[in-house]
Structures are given as C-alpha cells and as structure tokens.
Amino acid sequence: VLVLTRRPGQSIIVGDGVELFVVRIEGDRVVLGIDAPREVRVVRSELLRDLEDENRASSEARAHIRALISGS
Amino acid sequence: MSSDVTVPSVLWLAEGLVGLPDCHTLDVQPIAGASFVELINRDEPLMGWLAASADDVRPGMTEALRATGRVEPDEVLLVLLASHGEPTIVTANLAGPVAIRPDGNARQLVLEDPAYEVRARLTRLAPTTDPGR
C-alpha cells in the first residue's frame, strides 16, 4: 500500500486523468474532491460491498418472495 | 409490469452484476398475477432475482436519472427485490438499479445519492398505482 501525506488543497494523480484533492479536514473526517473522466466510476467502497451483499441476498430471497406473492 | 415498461426477454450484462461479474445473461420471465418479473441467470439457473420497475417503487426515478445523464433516454430501469428479517419485509435495491436498453444490453448502476437506498422498503407486494417506498 502506498501511503502519502497531503494537506488541504494538495492532490494526487491516479492513472490517466484522475485527480484526488484534499478539500478540507473536519475533525476525524477528510473531505475529498475527485476529478475524473465521466466513464470512471467513483463510489465509496462500502457502497460497492453493500450492493454485492444485496445482490447475493436478493438471489437467495427469490423463492421466499415468490411464496409471499403467492400468499398475498 | 404495472408501469409502462417493456423489458426484452433476454438481458445481456457485459460487466455482470456488482460482485457477480460472471453473471452475463439473464432470461426475463413474467410472473402471473404480479407486477414483477423474474430474472434467471442462464448459466446458473438456481441464481435469479425478482425485479420491479424502478418507477413502481420510486415514481419518477427513471426521469430523474435521465435528467442527470445517468440513464440514457431509451433505457428502462428495474430494481432487484430482497427480503429481510422476521417478520419479513421486502425491499428494493434503489442504489443499484439495472438499466436496460431495448436491445437487451443492460448494466447495473451504482448510485451514490443517499436518496436511493440499498433497501427501500416495499409496503405492498404487488404495487399498482401507489407503490410503497
């Protein structure tokens, strides 16, 4: 893992055309700005994990929901 | 489906679903008496999803995302359903809707906007004109 130290207003470049700025620091939170091409997906990692978990949960729930529909 | 949505009978997801990158081909089957469809993984039929029109769950969602450019004008949106807890509640994944083109090409969006929840509760199982949120 590459670890870099940055101050508010400073940035790093990732790959081609992605720039990550430190906008400000608020207590224990860092506010980031991301300048990236439209086709580059930028999301919080926990959201991707949530969606992955939910996709699997949805598949496992299919029969259960069908049974609920049949009984409703 | 209760909204004015037409879904092709086969969906092709070039990138798969989030966390399921090998899930490329989904057969779409209507469910008699319900406003949902079933999406069945052709390569692994035991894996499948129930899905509803996004606008049935969150009226205006498709138009809102078209306005921001996240959804193309010819794409329709489905959301995947899940069930949780006891007593069971049924939820719809608004944060990861599946955008579908008329030719069946599809992609799962990842929406960062907190207005679109991963688990939006459905208050009725067969939404018609006044779906729950």
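Here, the structure is the one placed above.
Just so you know, these numbers come straight off a predicted model, no measurement behind them. (Residues numbered from 1 in each chain as written. Chains lettered and ligands numbered in written order. Predicted model: local features only at pLDDT ≥ 70, side-chain atom pairs only at ≥ 80, totals over all residues. Heavy atoms only, no water.)

Asker: Mind laying out the overall build of chain B, listing which residues take part and the relevant values?
Answerer: Broken down by element type, chain B carries two helices and nine strands. Expressed as a percentage of the 133 residues in chain B, the buried residues total 56%. Long-range pairs, those at least 24 residues apart, make up 49% of the contacts in chain B between residues at least 6 apart in sequence. Split by element, the accessible area of chain B, about 6,000 Å² in all, is 51% carbon and sulfur. (Helix = DSSP H or I, 4+ residues; strand = E, 2+ residues; numbered from the N terminus. Buried < 20%, exposed > 50% of the residue type's maximum accessible area, 1.4 Å probe, protein only. Contact = heavy atoms within 4.5 Å. Areas by Shrake-Rupley, 256 points an atom, 1.4 Å probe, with all protein chains shown as cover.)

Asker: Give me helix α2 (residues 62–71) of chain A: which residues, what numbers.
Answerer: Listed as buried for α2(A) are A:R62, A:I65 and A:I69. Seen along its axis, α2(A) keeps its buried residues to an arc of 70 degrees; they face one direction. Residues A:A63, A:S70 and A:G71 are exposed on α2(A) and point more than 90 degrees away from its buried face. The elements touched by buried residues of α2(A) are α1 (45–60) of chain A together with β3 (37–41), β4 (48–53), β5 (76–84) and β6 (89–92) of chain B. (Arc of directions from axis to C-beta.)

Asker: So, the pairing of strand β1 (residues 10–13) of chain B: which residues are in play, and what are the values?
Answerer: Residue and element names in this part refer to chain B. The alternating pattern of β1 places L11 and L13 on a buried face, while none of V10 and W12, on the opposite face, is buried. Here three bridges tie β1 to strand β2 (residues 25–30), and the two strands are oriented antiparallel to one another. Its bridge partner lying in β2, V10 is registered against D27. In terms of strand pairing, β1 meets strand β8 (residues 105–108) through two bridges, oriented parallel. (Pairing = 2+ DSSP bridges.)

Asker: Lay out the pairing of β4(B) with the relevant residues and their values.
Answerer: Residue and element names in this part refer to chain B. Of all six residues that make up β4, six are buried, and the element is covered over most of its length. Both β3 and β4 contribute to a ladder of four bridges, which runs antiparallel. Of the residues in β4, the one forming a bridge with I40 is G48. Here three bridges tie β4 to β5, and the two strands are oriented antiparallel to one another.

Asker: Can you lay out the environment of A:V14 for me, pointing to particular residues and giving the numbers?
Answerer: Residue and element names in this part refer to chain A. Relative to the elements of secondary structure, V14 occurs in strand β1 (residues 11–14). Given the relative accessible area of 43%, V14 is considered partly exposed. Spatially, the C-alpha atom of V14 lies 9.4 Å from that of A36, the residues being 22 residues apart in sequence.

Asker: Got a sec to walk through a nonpolar patch on the surface? Specific residues and values, please.
Answerer: Residue and element names in this part refer to chain A. On the surface, I25, V30, L32, I34, V40 and V42 cluster together into a nonpolar patch covering about 490 Å² of accessible area. Top contributing element to the nonpolar patch by residue count: strand β3 (residues 29–35), with three residues. Structurally, the position occupied by L32 is in strand β3. (Patch = residues over 30% accessible without salt bridge, like charges linked within 9 Å, V, L, I, M, F, W, Y side chains within 5 Å. Salt bridge = Lys/Arg side-chain N within 4 Å of Asp/Glu carboxyl O.)

Asker: Hey, could you go over the environment of A:N55 for me, with residue numbers and the actual values?
Answerer: Locating A:N55 in the fold gives a position in helix α1. Look past the residues within four positions of A:N55 in its chain and what remains in contact with it is B:L17, B:V18, B:L20, B:W49, B:L80, B:N93 and B:Q108. A polar atom in the side chain of A:N55 sits 2.9 Å from the backbone oxygen of B:V18. (Polar contact = N/O pair within 3.5 Å; in protein donor to acceptor, adjacent residues only side chain to side chain.)

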